[in-house]
Amino acid sequence: MSNLKIAVQKSGRLHNDSMNILKEVGISIDNGRDQLKAAANNFPLEVFYLRNGDIPQYLADGVVDAAIIGENVLIEKNQNLSVLEKLGFSGCRLSVALPKTAAYSGIQDLNGLRIATSYPNTVNAFLRKHQVNAQVHIINGSVEIAPNIGLAEAIVDIVSSGSTLFKNNLKEVAVLFKSEAVLVKSPKISTVQQEILDTLQFRLQSVLKARN
Ligand code: PRP
Ligand code: MG
C-alpha cells in the first residue's frame, strides 16, 4: 500500500505546531521524534522528520510527497514549489536588523556593510533589487550575535517576538517579507498520493476554519 510521505521539521520552532495540527485533523502518529520517520496508525501517511533546509530539495526530487514548512525556507531554496495551504501558525518576518545605536534612514544605508544571515539567496536578491552593495556572510544559527562579535554590521534573520533582537541590542529596520507555516507538495506526486493529500488538505481546511 502506498502512503503519503510528508516531511515535518525535525526540531525547531515548527515541529510541535506541525505535529499538533496533524493530531487535530485526527491523525495519530505512532512514534516520538527520536526516529527519523513514523507511520500514522489510522491514516495512510508516514511522517519524515527532516532538517528544514533539506525539505525543499526532497520535495523537488519527489523523495517526499508533501511537507509542512516555513515560507521563509521555501523562498530561500527557490525550488518553484506550489503552496497548497497557509496553516496560520509560526508567523514571523525576515528582517534586517542593526545595532541599536547605528544610524539608519533607509535601505541605501546598508551599502558597504557586512550582513550576517542564514538566508544568502534571499538577501542577495533583496540587495540586487535595491541596488545595494553589501557583503553577505553566511551563518547557520545564532545570527544575532554577529554584530556583537565584530563579524558584521548588520544581520538579516527571522523575527518572531523580537526578544532575540532585543537581548542582543539590535533594532529591526526593514522587513523583507512575512512568513508562516504552509502545506506544500512535490511536483512529482503520484495520483494515489495526491488523493490522500486531497483528503488531508480538506481536513486541514476544516480545522483552520474552526480555529478562526
Ligand atoms: C530563531 C531565529 C531568531 C529567533 C527569532 O532562532 O533565527 O534568532 O528565532 O525569534 P524571536 O523574535 O521570538 O526571538 P532559533 O532560536 O530558532 O535558533 P537558531 O537561530 O540558532 O536556529
Ligand atoms: Mg536564531
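Residues numbered from 1 in each chain as written. Chains lettered and ligands numbered in written order. Predicted model: local features only at pLDDT ≥ 70, side-chain atom pairs only at ≥ 80, totals over all residues.

## Quick look at the environment of S2
With respect to the secondary-structure elements, S2 resides in the segment before strand 1 (4-9). Residue classification places S2 among the exposed residues on the basis of 11 C-beta atoms within 10 Å. With sequence-adjacent residues up to four places away left out, S2 is seen in contact with V192 and Q193. (Helix = DSSP H or I, 4+ residues; strand = E, 2+ residues; numbered from the N terminus. Buried ≥ 20, exposed ≤ 12 C-beta atoms within 10 Å, placed from the backbone. Contact = placed C-beta atoms within 7 Å.)

## Regarding the pairing of strand 3 (residues 45-50)
Look at any regular strand and the pattern is simple: side chains alternate between the two faces of the sheet. Where strand 1 lies against strand 3, six bridges are found, and the strand directions are parallel. Paired with K5 across the two strands is E46, which belongs to strand 3. The pairing of strand 2 (residues 37-39) with strand 3 spans three bridges and is antiparallel. Bridge pairing in strand 3 places K37 opposite F48. If you look at the hairpin formed by strand 2 and strand 3, you'll find five residues sitting between the two strands. (Pairing = 2+ DSSP bridges.)

## Overview of the site of ligand 1
Taken together, 13 residues lie near ligand 1, and G141, I158, S160, S161 and T164 sit nearest. Of all the elements in the fold, those that place two or more residues in the shell around ligand 1 are strand 9 (154-159) and helix 5 (163-167). Among the elements that take part in the shell around ligand 1, strand 9 stands out by supplying three residues, more than any other. Across the shell around ligand 1, the residue classes tally to two nonpolar, eight polar and three charged. (Near = placed C-beta within 6 Å. Nonpolar A, V, L, I, M, F, W, Y, C, P; charged D, E, K, R; others polar.)

## Considerations on the sheet that holds strand 2
With mixed pairing, six strands are arranged side by side in an open sheet as 2-3-1-4-11-5. Two strands lie at the open edges of the sheet, namely strand 2 and strand 5 (83-86), each paired on one side alone. On average, adjacent strands in this sheet sit at an angle of 25° to one another, irrespective of strand direction. Here strand 1 runs beside strand 4 (residues 66-70); their pairing, made up of two bridges, is parallel. Paired with A7 across the strands is A67, a residue of strand 4. Across the face of the sheet, helix 1 (residues 15-24) comes into contact with strand 1, strand 4 and strand 11 (181-185) while running at roughly 145° to strand 1. (Axes fitted to C-alpha atoms, helices over the stretch in contact; angles between N-to-C directions.)

## A few points about unusual backbone geometry
When glycine is set aside, most residues are seen to have a negative phi, and most peptide bonds are trans. Unlike most non-glycine residues, S142 shows phi in positive territory, near 45°. Positionally, S142 belongs in the loop between strand 8 (135-138) and strand 9. Within the chain, N169 stands out as a residue other than glycine whose phi angle is a positive 55°. In this structure, N169 sits in the loop between helix 5 and strand 10 (170-179).

## Focus: the sheet that holds strand 10
The five strands are arranged 8-7-9-6-10 in an open sheet whose pairing can be described as mixed. The open sheet is flanked by strand 8 and strand 10, the only strands paired with a single partner. Going from strand to strand, the sheet's axes swing by 25° on average, the running direction of each strand aside. Strand direction decides the pairing type here: strand 7 (residues 114-117) and strand 9, joined by three bridges, are parallel. By the bridge assignment for strand 9, I115 is matched with A154.

## Points about the domain arrangement of the protein
As far as domains go, the protein holds domain 1 (4-90 + 181-211) and domain 2 (92-179). Distance between the C-alpha centres of domain 1 and domain 2: 29 Å. Each partner contributes residues to the interface: domain 1 has seven residues there, and domain 2 has seven residues. No other element matches the four residues that helix 3 (residues 71-77) contributes to the side of domain 1 that touches domain 2. Within the side of domain 1 that touches domain 2, the residues separate by chemical class into one nonpolar, four polar and two charged. (Domains from an automatic or database assignment.)

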